[in-house]
Amino acid sequence: MRRVVLFVLLALCVGAQAAHAQTCSQPDVQEAAAALHGAHATLQTFRVGDMEPAVPPPAQVAIVAMKKQLAALTVAYMRCAPEAADVRTIGRDLARLMQVRSVDNPVRFADEISVTVTIPRASLISVQSSFSVPCANDDVSEIFAFENGAWHEVLRLQSDTYKQIDGATGGLEVQVSPPDASGLWFAVTKSVAPWCSSTWSAIRYTIVRPSGDPLKPKRLLSREDSIWWGDEDFGRVRVGVRDVELRFHAEDIDAAVLNREWVRHFSVIGDQVARIPPYANTPRDFANEWIQSDWREASLWTPRKDLQSVHDKLHKQTFFDYASVRACRGGDAQIEIVYTNSYKNDDGPHTFLRVRQAAQMEAVSGKANADCRGPDTLKF
């Protein structure tokens, strides 16, 4: 009986090694590296224009080819990586094969190439390859899982073809959730649209799960908001087993404030994603968020559905000034705002928004509530 068990174990070991040998090919790795160098040489024929956002059509094709060959090289290399692969060795090998380089002032597309290898969690390896484009980088992020004796690509995250430079990923960040009780996990992406002449841009974020096809993940959420990154703050992401929180700075309804921290917190249960508290940091910020959000979302935080008409009116207006923030009985807060017509240089009516725990809009009125007489705590 013991001999039978040993024979079965030996056969399983030999079978796993054979499967690995069938997928690993050093000639394939060298061929992929040569193809990447060819794609890079083509992309290098395009120079970076001064503050020029347009990407010429031939350069668009060359960028797609560059990303395709970066991914192909990584896939070929990872087929040969052992289960207990060392990320430093992988990073060093891929940097050599990709011919990683850095320059002070890029003048051509892909003057700079870099690669980063990490372990987002046990049994997964992340490889992110980047190359320079005007005012930013474009990226290919791949996640590999060890299955059936070899490393297989399970997710590939990258930008689509783009006609202007804001279509690049702009420093793509990918985070992986811990596995849930069933062993399932999801990935969160965040990127800021590059632009050469402004610190106001767009922040794009997604929540995806592997689908069996690395290039076609199951997309659970895909959103875009404005962002101000003047303090070099490109947003922060926290990922849990069943939730995702994203924080970044963007516009305030009061121009004197310039920007506030926006909060995007989502629950992820199975394939269902829903926005959950906190919606904002303070009652004042919540009133701001309520006005700036469309009614489909704001209605979820509004018990009184008859407030839709006043919400829609405020949502369409542009300029407001904060006038006061006062505490109410029962722990609510009253936010007083003034509609300002900056073109006519005059003030419109005052509006009073009653907020509960920075998570629910209780009332909106043209008059102050009698039980909201706390001291004015408005601060900028």
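Before going into details, it helps to say that this report is about the structure given with it. Keep in mind that what you see is a predicted model, and the values were worked out from it rather than measured.

Rules and cut-offs
- Residues numbered from 1 in each chain as written.
- Predicted model: local features only at pLDDT ≥ 70, side-chain atom pairs only at ≥ 80, totals over all residues.
- Heavy atoms only, no water.
- Core = buried A, V, L, I, M, F, W, Y, C linked by side-chain atoms within 4.5 Å.
- Buried < 20%, exposed > 50% of the residue type's maximum accessible area, 1.4 Å probe, protein only.
- Helix = DSSP H or I, 4+ residues; strand = E, 2+ residues; numbered from the N terminus.
- Phe/Tyr/Trp six-rings, centres within 6.5 Å; stacked < 30°, edge-to-face > 60°.
- Lys NZ or Arg CZ within 6 Å of the ring centre and 35° of its normal.
- Axes fitted to C-alpha atoms, helices over the stretch in contact; angles between N-to-C directions.
- Parallel < 35°, antiparallel > 145°, perpendicular 65-115°, else oblique.
- Left-handed = near helix turned anticlockwise from the far one by under 90°.
- Contact = heavy atoms within 4.5 Å.
- Nonpolar A, V, L, I, M, F, W, Y, C, P; charged D, E, K, R; others polar.
- Salt bridge = Lys/Arg side-chain N within 4 Å of Asp/Glu carboxyl O.

## Quick look at the nonpolar core
Grouped together as the largest cluster of nonpolar side chains are 38 residues, with contacts concentrated most on L43 and F131. Looking at this core, the elements that each hand over two or more residues are α2 (26–43), α3 (57–79), α4 (87–98), β1 (113–118), β2 (124–133) and β3 (136–147). A per-element tally of this core places α3 first, with 10 residues. A287, M361, V364 and L378 belong to the second largest nonpolar core, which has 25 residues in total.

## Section: the packing of aromatic side chains
With the rule as written, the count across this model stands at nine aromatic pairs. Judged by centre distance (6.3 Å) and plane angle (40 degrees), the rings of Y205 and F266 are tilted. Taken together, the residues span a long stretch of sequence, with Y205 in strand β7 (residues 200–209) and F266 in strand β11 (residues 259–269) at a distance of 61 residues. F266 shares its class with Y205; the two are buried. When the centroid spacing of 5.2 Å and the interplanar angle of 25 degrees are considered together, the rings of W229 and F234 count as stacked. The class of F234 is partly exposed, set by a relative accessible area of 31%. Ring pairing ties together the aromatic residues Y279, F286 and W301, which thus form one cluster. Here R284 stacks its cationic end above the ring of Y322, 4.7 Å away from the centre of that ring.

## Some words on the packing of α2 against α3
Two numbers describe a pair of packed helices, the interaxial angle and the distance between the axes. Orientation of α2 relative to α3, taken along the N-to-C sense of each, is 160 degrees, at an axis distance of 8 Å. Judged by the inter-axis angle, α2 sits roughly antiparallel to α3. Considering only the axes of α2 and α3, their crossing is left-handed. For the pair α2 and α3, the contacting residues are D28, V29, A32, A33, A35, L36, A39, H40, T42 and L43 in the first and A59, A62, I63, A65, M66, Q69, L70, A72, L73, A76 and Y77 in the second. Tallied by class, the residues present in the contact of α2 with α3 amount to 17 nonpolar, three polar and one charged.

## Overview of the packing of α3 against α4
Where α3 meets α4, the axes come as close as 11 Å, and the angle between the chain directions of the two elements is 135 degrees. Between α3 and α4, the interaxial angle falls into the category oblique. Note on packing geometry: the crossing formed by α3 with α4 is right-handed. Taken together, the residues of α4 that come into contact with α3 (itself represented by L70, L73, T74, Y77 and M78) are T89, I90, D93, L94, L97 and M98. Looking at the contact of α3 with α4 residue by residue, the classes come out as eight nonpolar, two polar and one charged.

## As for the pattern of salt bridges
Summed over the entire model, instances satisfying the criterion amount to 22 salt bridges. Measuring nitrogen to oxygen at the nearest pair gives 2.6 Å for the salt bridge that ties D243 to R238. For R238, a relative accessible area of 38% gives the class partly exposed. With a shortest N-O distance of 2.9 Å, E261 and R247 are connected by a salt bridge. Taken together, the positions of E261 in strand β11 and R247 in strand β10 (residues 243–251) put the pair 14 residues apart, joining distant regions of the chain. Side by side, E261 and R247 carry an identical accessibility label, which is buried.

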